[in-house]
Amino acid sequence: MAEYTLRIRRYEPEKGLPPYWQDYKVDLEGHRSVLDGILQAKDREDGSIGIRCSCQAAICGSCGVRVNGQAKLACNTKLRDALKRADDGAIVVEPMGNMPVLKDLIVNMDAVHWKKVQRVVPWLLPEGPPPEREYVVPKESMIDVTQSMACIHCGACNSDCLSLEVDPLFIGPAALAKAYRFVGDPRDGQTEERLRDLAEDAHGIYDCTHCFSCIEVCPKGVAPMDQIMRLRRKAVHDYGINDQNNGARHEGAFTKIIRKKGTLDERKLLQDSLGPLRPQGGLALLKALPTGLRGFARGKITPKTALLHERLPGIENVQRIYDHAEEHRTELNLYIVGEGGEQDEQEPAIAETPEASATTNGGQP
Amino acid sequence: MQVAYWPGCVSRGFTPELHGSMAKVADRLGIELVELDRANCCGAGVIAEHNPELADTLNARTFAMAQKTGHMMMNICSTCQGAQSECQERLDADAGYRDHINEVLAAEGLHYEPGVTNKNFLWLLVEDFGLERLAGMVKRPLSGLRVGPFYGCYVLRPTTRLGYQEHPERDLYMERLIEALGADVVEYGGARKCCGFPVITMNRETSLGQAGRHIGDAIDEGADALVTPCPLCHLNLDLQQPDAAKVVGRDLGLPVLHLPQLIGLALGLEPKELGMSKHVVRTTGVERKLSAVATAA
């Protein structure tokens, strides 16, 4: 047995006091979980500690908490691993972030997580009369949605989402991963409507800042940010949706500039992303003007960097790569093919699915 | 020590002081930068969003160029590190996929072998150069200067992709470096959060709300400056700081240094040589503090 200190953030609304920290000593083997520790403290020291838990096996998704500042399933985090990142020897356990705290380690999932999941219409909306027998879904389409189906709704991604922290209206990683589960489902008849809805919401797919927090904390490998990128790809390439947030324009402008010049021409990117000929684009560009002028005044931005961005020597090599890759539009999804696996000779490394946003099917789902 | 050097686009575009200060600092440290001057943009995650195979091939091209030099590759941009590591993960995972991509590179006489070593300057300093060695070269200890680290997401997450299994403390290097240079580390909420830059053209309020909040938190903890290894973070934290102040509704005015600039100051280089006069938020407070220390000594 080893002794561990859990520093738990307590909040007891009935007492009308602000939250406070309380240390608990627990005796457990290092391979036991933080949840085991919390339950021991609850059992031996203070039965009033509030924690939501059920399966204790990383299946039900109930025991999401923050351990040393990062969202985790308490049942899925070993005490000895948590200790490695504990300041002054105490493992810090707090309720998850971005959600109101009800009591101690229990947050109000209804107020944020479930509300946002409902926002994306999380059920199948099939088109036409149901088939006489079961719907048959091609294997490659299942592969496309397998990753997002692994979600157990623990709320870890919403807890640590850095966009949600400043923009509470952001639909958020969990709900957007859920949205992809239906957008990628061939039985669903509302794909375009779903994508338009998510692209045109100012707090939708283009409110994600690419910070990788959700990917880092997800205990199930759902990689919500990757699903958001798939939603963007599908919206732009399959349906040509031009959103109000300049997301599609930004992606298109960036990609075109590198094809033409090889390296990034920032001034042109800003101009083309905003689209000065559109009324709102012109306005946005006007707003950005003082920023640019400040850069000029300090010699940070020069006429040369702003207006005479040179083409990379050997640009034809970059363009050859574009010509080749744009023919395929494929994606090697490591969640599906696994890492370090050498491909079987018989199976192609890249399989193009009938849909444009193809997912590689090199391995087993 | 020689490295295949990828400076990235922004260090040669809107943050030229980064490229300039890196060259001066490398010279002082005895690191020879073999610049990959024909390499292309890493795509910053945007090209991968558009077409993952395109991003993978473009970065395989850069890796192959680096491998031709026979040296490990070094970058000075968290975003390049993250975008390139993402592509490398796919390229190294699957031989068939790699062969497919190498066929395209062959036209230019290039070939990517799995397992390229590509390190941010920060990682290289700690893991290969050594902080003790660096501390021994300090000519002007930054004593009394209170510095907040700002890592940039792409050298932090996801840890499985960014070599944290082998180097589990990469998310603590900035603090160690600041201490090695004699400065004091400021702990504040934003050190490992997002600067908001990737959505500056899409959702200005979210973007500058993030930058403004982190700068404000650092000021509240008594920081004299922030330091970042990412030029894209620098754009949102410095160039956009007056706008971020408006979004969060408070006065800011916190200088933000590039990583090589902070090191350069400690190695005895002058603020002007390090391009600090190009910053939008004036760095005079930092300079005053350093000269006060020098006078006292």
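Quick caveat: nothing in here was measured; it's all calculated off a predicted structure.

Participant: Summarise the interface of chain B and chain A; cite the residues concerned and give the values.
Facilitator: With 54 residues of chain B in contact, the opposing surface of chain A contributes 67 residues. Taken together, the elements giving at least two residues each to the side of chain B that touches chain A come down to α2 (46-50), α3 (52-69), α4 (78-93), α5 (95-106) and α9 (204-220) of chain B. The dominant element in the side of chain B that touches chain A, judged by the number of residues it contributes, is α3 of chain B, at six residues. Within the side of chain B that touches chain A, the residues separate by chemical class into 23 nonpolar, 18 polar and 13 charged.

Participant: A description of helix α6 (residues 121-129) of chain B should follow, citing residues and the corresponding values.
Facilitator: Residues and elements named next belong to chain B. If you check which residues of α6 are buried, you get F121, L122, W123, L124, L125 and V126. Of the surrounding secondary structure, the elements contacted by the buried residues of α6 are β3 (73-75), β4 (118-120), α7 (131-136), α8 (173-180) and α12 (259-266). A positive backbone phi angle near 100 degrees is found at G130, which sits one or two residues after α6.

Participant: Describe the nonpolar core, with residues and values.
Facilitator: Burial of nonpolar side chains together is a common tendency in soluble globular proteins. Counting residues in each nonpolar core, the largest one holds 190 residues, and the members touching the most others are I38 and L231 of chain A together with L122 of chain B. Not counting the four nearest positions on each side in its chain, L231 of chain A is found in contact with L176, A179, Y180, V183, L195, L198 and I205 of chain A.

Participant: An account of the sheet that holds strand β3 (residues 64-67) of chain A is requested, with residue identities and associated values reported.
Facilitator: Residues and elements named next belong to chain A. In spatial order, the strands read β2-β1-β5-β3-β4; together these five strands make up an open sheet with mixed pairing. Each edge of the sheet is formed by a strand with only one pairing partner; in this case those strands are β2 (20-28) and β4 (70-73). Direction aside, neighbouring strands of the sheet carry axes that sit 35 degrees apart on average. Strand contacts of helix α1 (residues 34-44): β1 (2-10), β2, β3 and β5 (90-94), with the helix running at about 105 degrees to β2, the strand carrying the most contacts.

Participant: Describe unusual backbone geometry, listing the residues and the values that go with them.
Facilitator: Look at the link from R157 of chain B to P158 of chain B: it is a cis peptide, with omega at -10 degrees. With respect to the helices and strands, P158 of chain B occurs in the loop between β5 (146-149) and α8. Phi at H210 of chain A is positive, roughly 70 degrees, even though this residue is not glycine. The phi dihedral of A223 of chain A is positive, around 50 degrees, even though this residue is not glycine. Residue placement: A223 of chain A occurs in the loop between α9 (213-217) and α10 (224-238).

Participant: A description of the domain arrangement of chain B should follow, citing residues and the corresponding values.
Facilitator: Interfaces are frequently sized by the accessible area removed from exposure as the parts join. Residues and elements named next belong to chain B. Domain assignment breaks chain B into domain 1 (2-120) and domain 2 (138-296). With centres defined by C-alpha atoms, the gap from domain 1 to domain 2 works out at 24 Å. Each partner contributes to the interface: domain 1 provides 23 residues, whereas domain 2 provides 26 residues. Put simply, the parts of the chain that give the side of domain 1 that touches domain 2 at least two residues each are α1 (16-29) and α4. Ranked by residues supplied to the side of domain 1 that touches domain 2, first place goes to α1 with nine residues. Of the residues in the side of domain 1 that touches domain 2, the class split is seven nonpolar, eleven polar and five charged.

Rules of the game
Residues numbered from 1 in each chain as written. Chains lettered and ligands numbered in written order. Predicted model: local features only at pLDDT ≥ 70, side-chain atom pairs only at ≥ 80, totals over all residues. Contact = placed C-beta atoms within 7 Å. Helix = DSSP H or I, 4+ residues; strand = E, 2+ residues; numbered from the N terminus. Nonpolar A, V, L, I, M, F, W, Y, C, P; charged D, E, K, R; others polar. Buried ≥ 20, exposed ≤ 12 C-beta atoms within 10 Å, placed from the backbone. Core = buried A, V, L, I, M, F, W, Y, C linked by C-beta atoms within 7 Å. Pairing = 2+ DSSP bridges. Axes fitted to C-alpha atoms, helices over the stretch in contact; angles between N-to-C directions. Domains from an automatic or database assignment.

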